[in-house]
Structure formats: C-alpha cells, structure tokens
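Survey of secondary and tertiary structure
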Amino acid sequence: MQQLKGVSISQGLAVGKIVVLTSAAAPEAQAGTPEEELARFQRAQQQAVRDLGALYEKARAELGEAEAEIFSVHQLMAEDEDFADLITAAIAGGAEASEAVRQAGEQCAAMFSSMDDAYMRERAADVQDVAARIRRILRGEAETTLTGPCLIAAEELTPSQTVQFPRAFVQGFLTARGAANSHTGILARTLGVPAVSQLPVDAQLQGRTAILNGDEGTLILDPDEDQLRAAEAGIRARQAQREALQQLAKLPSVTKDGHAIRLYANLAGTDDLPLLQQSGAEGVGLLRSEFLYLGRSSYPTEDELFASYRQLVQAMDGREIIIRTLDIGADKKADYFDLPPEDNPALGLRAIRLCLTRPALLQTQLCAILRASAFGNVGVMFPMVTGPAELAQLKAALRDAEDTLCARGERFGRYQTGVMIETPAAVFMSRELAREVDFFSIGTNDLIGYTMCADRGNDTISNLYQVYYPAVLRSLKNIIESGVKAGIMVGMCGEAAADPLLEPLLISWGLEEFSMSAPSILRARKTISQWTKAECDELAEKALACNTAAEVKALLESAAR
Ligand code: PEP
Ligand code: MG
C-alpha cells in the first residue's frame with residue numbers, strides 16, 4: 001500500500017484499475033534495421049486499422065452511418081497496398097518507420113491533389129490524416145483505447161483527449177497538472193467522478209488497483225482489504241445520499257419563501273444526454289459546442305452539427321437549450337484548424353474572434369443552430385464578446401444565416417439571442433450589451449481569470465483564482481444589475497453557479513438561471529430551499545462590505561446551511 005497526496009479538483013470516491021495515457025512524444029527514434037522498422041510499421045498499421053474500426057462503430061452508433069463513413073474510408077487507406085508499398089520502399093532505403101510513413105503520406109496526398117475529380121482531390125487531406133495517425137502510434141502518442149471502467153491517469157489532459165473517452169468507462173481522473181477549472185476538472189464534475197491533480201503520474205501506475213479520494217485529494221495505491229472495504233462503504237453511503245436527493249428531482253427550484261429560480265445543466269454534446277435523466281435539470285444553460293469539433297480530424301459539416309443539435313433539442317422536449325457557438329482556441333485545440341502559434345493563447349484568436357475572421361465557419365454553425373430551433377426552445381449564445389461592435393457583427397451574421405435558410409427553403413423557429421459575459425470589457429459594457437440581447441450568461445471560469453489576471457489552468461496561482469475576491473463579486477453584481485434593469489434574463493454557466501457558498505449572493509442580486517454540471521443540480525435545489533430572499537440580501541450586503549477574499553469566504557462559510 002502507498003498513499004499519495006495531491007490536490008482535489010472534483011469530489012467523490014472511486015476504486016478501480018489505473019490506465020495511464022501516454023501523451024508526451026517519445027524522442028524521434030533512431031532507425032533500426034530495415035526488418036525491425038518494417039515490423040514496427042506493420043504493428044502500428046494494424047493498431048491504426050483497429051482504432052479506426054472502433055471509431056467507426058462509435059460514430060455509427062452515435063451519429064449514424066453517413067457520418068461514420070469517413071472512418072471506414074480511413075480504415076481502407078490505412079490498409080491500402082500501394083500506400084504500404086511506398087512505406088516499405090522507403091524503409092528498404094534506410095528510413096526510420098515514422099519518417100517513411102510521412103514521406104508516403106505526402107506522396108499519396110500529392111497524387112490525390114493532382115486529380116481532376118474534386119472528390120478525389122479532397123482525399124489528399126484524408127491520407128495525410130491516416131499517415132499522421134500511424135506516426136502518432138509509432139511515436140507512442142497514440143490515444144489509448146479504453147476497454148472498460150478505469151481510473152484515467154495522465155500528465156495533463158487536453159479537451160481533445162477527454163472528448164474521446166467513452167463516458168461510461170470514466171471512474172475518475174488523476175493527473176500531474178491541471179487546476180479545478182481546467183477542462184479535466186469541469187468534465188469530472190460533469191460526470192460526477194473524483195479527480196485529483198498534482199500527483200506523480202508515470203508508467204508504473206499502469207494496471208494497479210487504487211482508491212481515488214476526490215474529497216481529500218489522495219490516491220491509495222494497492223490498497224489492503226480493510227481499505228477497500230472502507231472505500232466501498234464510502235461509495236455506498238454517497239449513493240444513498242444521491243438517492244435521498246432524488247426526492248427533489250421533480251420539485252420546483254424555490255427559496256424558503258417561494259422566490260423561483262431555474263436550475264439548468266451544462267453539456268458538452270450528445271454523449272452527455274444520459275446525465276440529464278434524473279438530474280432535475282429544467283433546461284440546458286450551456287452546450288459547449290466546440291466539443292463537437294474536438295477529437296476528430298476535419299470540420300464537422302452543417303448537417304452533422306444539425307443532427308447533434310436536433311437530437312439534443314428534441315431530447316429537451318420543449319425545455320430551453322442554449323447552444324454556444326464555437327469557443328475554440330486557448331486550451332481547446334484541434335490540429336485541423338491550423339491556428340497560428342500565439343504567446344498568450346488565452347488572450348488570442350479564440351471563440352468569436354476566430355469565427356469572425358472565418359465567416360464560413362460561423363455560418364455553418366449558425367445555420368445548424370437555427371435549423372435545430374425548428375424542433376424546440378433554442379437560445380444561441382456568443383462567447384468572449386468584449387463590446388457592442390462585435391455583437392453587431394454577430395447579429396448581422398445571424399441575419400445572414402436566416403437569409404441563407406430562407407433562400408434554401410429550410411425551416412427555422414423562434415430563438416433567443418444571448419452573450420456570455422466573461423471578459424472585464426463586457427462587464428463595463430454590460431448596460432449597452434443588455435439592450436441588444438435576450439439574455440446574459442455569466443462565464444465565471446474566464447471572468448475570474450481575466451479579472452484577477454490569473455490563468456485558470458495554472459495551479460501555482462490558484463490562490464488568486466477565486467470568485468470570493470471583492471473585485472469579482474462587484475463585477476457579478478454589476479452584470480446582474482445591468483441585465484435586470486434592461487429586463488433581460490441573467491444566468492450563470494461558469495462553475496461558480498454550483499458554489500453553495502455563493503448561491504445566496506447570486507439570488508440576492510437577481511440571478512435567475514443557474515447552469516451547472518448535472519450531478520450538482522439537486523444539491524443546489526436543496527441549498528436554495530434553505531434560504532429566504534431577505535436572508536440572502538442581508539448576507540450579500542455583508543459580503544460586499546468585505547475587503548479581502550479570505551474575509552468573504554470566512555463570512556460565507558460561517559453562514560452556510
Ligand atoms: C466560463 O468561462 O465560465 C464558461 C462557462 O466557459 P468555458 O469554461 O467553456 O470557458
Ligand atoms: Mg469561457
């Protein structure tokens with residue numbers, strides 16, 4: 001038995017076997033003998049064919065035959081004899097396997113590009129993609145294919161890795177790096193599984209049984225019988241607590257004195273739909289649509305996006321669903337976007353900034369969202385807005401999408417338009433922005449970071465990354481006041497919406513919609529039912545009189561129910 005101490009980024013308890021994901025690139029290999037290199041290539045080729053087969057099955061089950069087709073095309077390319085002959089010839093000429101695959105990929109791509117047929121020309125990108133996949137396997141960077149429930153261990157997890165995990169298999173995360181508001185933390189809370197960061201992660205953890213305790217931030221390796229029994233009793237006790245909360249699933253979200261609010265869920269895609277059942281969610285306050293772009297090698301088409309959105313909208317059965325346009329950039333990256341390298345990506349070309357420079361990318365999304373609006377109650381929301389000029393461009397883009405659909409004779413419904421308030425610039429311009437939209441949704445994950453100049457993913461300055469700083473609290477109050485005065489709906493989809501200490505303050509200031517990971521909703525319903533509006537007001541006044549985050553936090557903890 002060995003106990004390791006880290007930092008909790010998602011609460012909960014789990015027992016399972018560890019699967020270590022290798023994401024760090026191994027140094028470029030020296031060429032072995034041609035026989036050795038050929039054998040390495042053949043093993044990697046077989047692995048790629050198997051992985052593509054699994055991806056085909058997953059896509060077919062989730063998106064349908066037409067959308068899955070691309071993986072079957074890639075599978076055929078990976079097995080193609082002419083492609084393999086080019087690689088074999090390069091290896092025979094002394095090339096290392098990965099270099100031979102790169103050369104063959106380029107030769108095939110050049111051949112496709114020179115063809116007359118447009119369909120065949122487009123295959124150039126596919127063959128490059130297949131070559132890149134085989135090279136990743138050769139360099140030990142392959143996406144590990146999970147085959148059953150496990151604890152996932154990695155140096156650090158990127159959003160594009162996490163999107164590939166079959167949700168049902170994830171029992172917990174243990175990482176060397178990553179703060180509470182990294183996307184690993186957010187995903188763990190969405191799934192209701194524990195996550196602990198700042199643990200020493202290496203290959204020695206592979207396959208070992210462990211107890212991951214997200215409340216205490218610990219990992220017990222090779223636990224003894226007593227520890228396993230205690231952990232299993234803990235897991236049962238939590239299950240019993242969850243079942244007790246289920247009585248609240250169908251009740252309204254009201255304070256002790258009947259003041260109504262709405263509790264919504266944050267989702268990343270159709271994979272999250274099962275989480276909504278029994279969650280008690282009254283709507284979806286944030287669909288992080290960029291997850292539909294991650295974990296793949298080419299842009300989703302309008303029809304693919306529409307198919308996912310329609311499935312989600314129909315599953316909501318008339319309840320509201322707010323679809324956020326692409327928030328790619330910063331930590332959420334996909335190679336095929338070909339984003340320029342940036343010194344400060346969190347302050348760079350991300351979200352609407354990127355979309356406004358690539359009008360076709362924006363139109364594809366807006367047309368798909370508007371088409372889905374014909375099937376239910378849809379809101380479209382723009383991230384990272386800094387002021388009215390950007391908003392005017394985005395609204396013009398919405399009108400263009402409407403015109404396109406009208407010209408094509410396609411249906412769309414009535415929809416709401418909103419912005420995320422997650423930049424300090426938008427806070428200062430919130431009165432002007434409120435006149436132009438139907439709703440605000442406060443993105444505290446970024447707003448705290450940009451207000452405190454503290455990277456949300458950097459755990460060395462996590463003391464500065466706190467919602468309790470007076471500067472952050474005043475921003476929140478200002479945003480809500482601007483929205484309330486303009487008569488629009490104000491919600492919050494940042495993680496702070498699920499902070500039981502903060503909820504009374506948000507109620508006092510007039511927040512109407514709290515959107516959070518699905519497993520937090522019933523707990524929030526219970527917390528809210530324990531406060532009257534007058535008690536919330538009294539606490540909010542005291543909190544605003546504090547000068548430091550420590551004072552605010554101590555005050556809220558002393559009042560917690
Ligand atoms: C936020 O910034 O609060 C938010 C909800 O968006 P994301 O975490 O995806 O940046
Ligand atoms: Mg954000």
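Above this text you will find the structure in question.
Nothing here was measured: the structure is a model prediction, and the numbers come from that model. Residues take numbers from 1 onward in each chain, read along the sequence in its written order. By the order in which they are written, chains take letters starting at A while ligands take numbers starting at 1. For a predicted model such as this one, the threshold for reporting local features is a pLDDT of at least 70, and the threshold for listing and counting side-chain atom pairs is 80 or more; totals across whole chains, interfaces and linings nevertheless cover every residue. Excluded from the side-chain calculation are hydrogens and water; included are all heavy atoms of the structure.

1. Describing the overall build of the protein
Which entries qualify depends on this criterion: Under the DSSP-based scheme used, a helix requires at least four consecutive residues in state H or I and a strand at least two consecutive residues in state E, with every element numbered from the N terminus. Within these notes, the globule rule equals 2.2 Å times the number of residues to the 0.38 power, and the radius of gyration is based on C-alpha atoms. Each residue is placed in one exposure class: buried if its accessible area under a 1.4 Å probe, protein chains only, is under 20% of its type's maximum, exposed if it is over 50%, and partly exposed if it falls in between. Contacts are residue-level and defined by heavy atoms, with any inter-residue pair within 4.5 Å sufficient. Reported accessibility uses the Shrake-Rupley method at a 1.4 Å probe radius. Residues are deemed covered only where the shown protein chains occlude them. Lys and Arg are tallied as positive, Asp and Glu as negative. Neither His nor the chain termini are counted. A single reference atom marks each charge: NZ on Lys, CZ on Arg, CG on Asp, CD on Glu.
Looking only at helices and strands, one finds 21 helices and 16 strands in the protein. For the protein, the C-alpha radius of gyration of 25 Å lies close to 24 Å, the compact-globule estimate for 561 residues. In terms of principal-axis extent, the alpha carbons of the protein reach across some 80 × 70 × 40 Å. Classification of the 561 residues of the protein by burial places 53% in the buried group. Relative to all contacts within the protein whose residues are 6 or more apart in sequence, the contacts with residues 24 or more apart total 68%. Here the protein has roughly 24,200 Å² of accessible surface; of this, 52% comes from carbon and sulfur atoms. One finds the centroid of the 54 positive side-chain charges in the protein at a distance of 7 Å from the centroid of its 76 negative side-chain charges.

2. Examining the pattern of salt bridges
Stated precisely, the cut-off is as follows: The rule for a salt bridge is simple: a side-chain nitrogen of Lys or Arg has to be within 4 Å of a carboxyl oxygen of Asp or Glu.
Within the structure shown, the criterion is met by 33 salt bridges. Across the pair D215 and R238 runs a salt bridge, and its minimum N-O distance is 2.4 Å. Taken together, the residues span a long stretch of sequence, with D215 in the loop between β7 (209-213) and β8 (218-221) and R238 in helix α8 (residues 225-245) at a distance of 23 residues. Look at R238 and you get partly exposed, because its relative accessible area is 24%. A salt bridge links R350 to D327, with the shortest nitrogen-to-oxygen separation between them at 3.1 Å. Taken together, the positions of R350 in the loop between β11 (320-324) and α11 (351-357) and D327 in the loop between β11 and α11 put the pair 23 residues apart, joining distant regions of the chain. No difference in accessibility class separates R350 from D327, as the two residues are buried. Because the salt bridges share partners, they merge into one network encompassing E290, R324, D327, K332, R350, D446 and R456.

3. A word on the sheet that holds β8
Picture the strands of a sheet paired through backbone hydrogen bonds; they go either parallel or antiparallel. Short version of the rule: At least two DSSP bridges between two strands are required for those strands to pair. Between N-to-C directions, angles cover 0 to 180 degrees, with each direction set by a line fitted to C-alpha atoms, over the stretch in contact for helices.
Pairing is mixed in the open sheet, where eight strands are placed in the order β1-β8-β7-β3-β4-β5-β6-β2. Every interior strand has two partners, whereas the edge strands, β1 (2-5) and β2 (7-10), have only one. Along the sheet, successive strands turn relative to each other by an average axial angle of 30 degrees, direction set aside. Note: strand β3 (residues 13-20) against strand β4 (residues 150-154), three bridges, orientation parallel. Looking at the pairing, I18 lines up with L151 of β4. Helix-sheet contacts for helix α7 (residues 183-191) involve β2, β5 (170-175) and β6 (195-197), and the interaxial angle to β2 is about 55 degrees. Packing of α8 onto the sheet brings it into contact with β3, β7 and β8, and relative to β3 it is tilted by some 115 degrees.

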